[in-house]
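What follows is each chain in one-letter form.
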Amino acid sequence: MVYSTKEKIQESHDVAEQEVKMHEILLFNDDVNTFDFVIDSLIEVCEHTLEQAEQCTYLVHYKGKCAVKTGEFEELKPRCTQLLQRGLSAEIV
């Protein structure tokens, strides 16, 4: 099969995208922090809108955990550290 230059470029682009592994910060429920504190933390640390932060906070409360930020590991690491320093329970997966 003969590939055009455009197809070859698209194929190499697709491979490059697959090489960047995306991670998530999972935030876990706890019995210590208030809804308002968690919402404020998500707005400040993860750059959520008020609505995003509220939705994630309710998911954490009712489901036990929620993915609050997706990205490359190096981008997520300082954000996760900030959440942990605030006393929240979070990890990168």
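Above this text sits the structure in question.
Note that this is a predicted model, so its numbers are computed, not measured.

Below, the discussion takes up the pattern of salt bridges. Counted according to the given criterion, the structure contains two salt bridges. In this structure, glutamate 44 engages arginine 86 in a salt bridge whose closest nitrogen and oxygen atoms are separated by 2.8 Å. Residue glutamate 44 is found in helix 2 (residues 35-46), and its partner arginine 86 is found in the loop between helix 4 (73-85) and strand 3 (89-92); the two are separated by 42 residues along the sequence. Since its relative accessible area comes to 53%, glutamate 44 is described here as exposed. A relative accessible area of 28% means that arginine 86 is categorised as partly exposed. Among the ionic pairs, glutamate 47 bridges to arginine 79, the shortest N-O distance being 3.7 Å.

Another point: the packing of helix 2 against helix 4. Closest axis-to-axis distance for the helix 2/helix 4 pair is 10 Å, and the angle between their directions is 150°. With respect to helix 4, the element helix 2 is oriented roughly antiparallel. As for the relative orientation of helix 2 and helix 4, their crossing is right-handed in sense. Contact with helix 2, carried on its side by Ser41, Val45 and Cys46, involves Arg79, Gln82 and Leu83 of helix 4 and no other residues of that element. Of the residues contributing to the contact of helix 2 with helix 4, the split by class is three nonpolar, two polar and one charged.

Criteria and thresholds
Within each chain, residue numbers correspond to sequence positions counted from 1 in written order. Totals for whole chains, interfaces and linings use every residue, but because this is a predicted model, local features are given only for residues with pLDDT of at least 70 and side-chain atom pairs only at 80 or more, for both listing and counting. Remark: hydrogens and water are excluded; side-chain values derive from all non-hydrogen atoms of the structure. A pairing counts as a salt bridge when a side-chain nitrogen of Lys or Arg comes within 4 Å of a carboxyl oxygen of Asp or Glu. Per the convention used, a helix needs a DSSP run of H or I reaching at least four residues, while a strand needs a run of E reaching at least two, with both numbered from the N terminus. Burial classes follow relative accessibility: with a 1.4 Å probe on protein chains only, a residue under 20% of its type's maximum area counts as buried, one over 50% as exposed, and anything between as partly exposed. The angle between two axes is taken between their N-to-C directions and runs from 0 to 180 degrees, where each axis is a line fitted to C-alpha atoms and a helix contributes only its stretch in contact. Any angle from 65 to 115 degrees is called roughly perpendicular, while one under 35 is roughly parallel, one over 145 is roughly antiparallel, and all others are oblique. By convention, the crossing between two helices is left-handed when the near helix turns anticlockwise from the far helix through less than a right angle, and right-handed when the turn is clockwise. Contacts: residue pairs with any heavy atoms within 4.5 Å of one another. Three classes are used, and their members are as follows: Ala, Val, Leu, Ile, Met, Phe, Trp, Tyr, Cys and Pro are nonpolar, Asp, Glu, Lys and Arg are charged, and the others, Gly among them, are polar.

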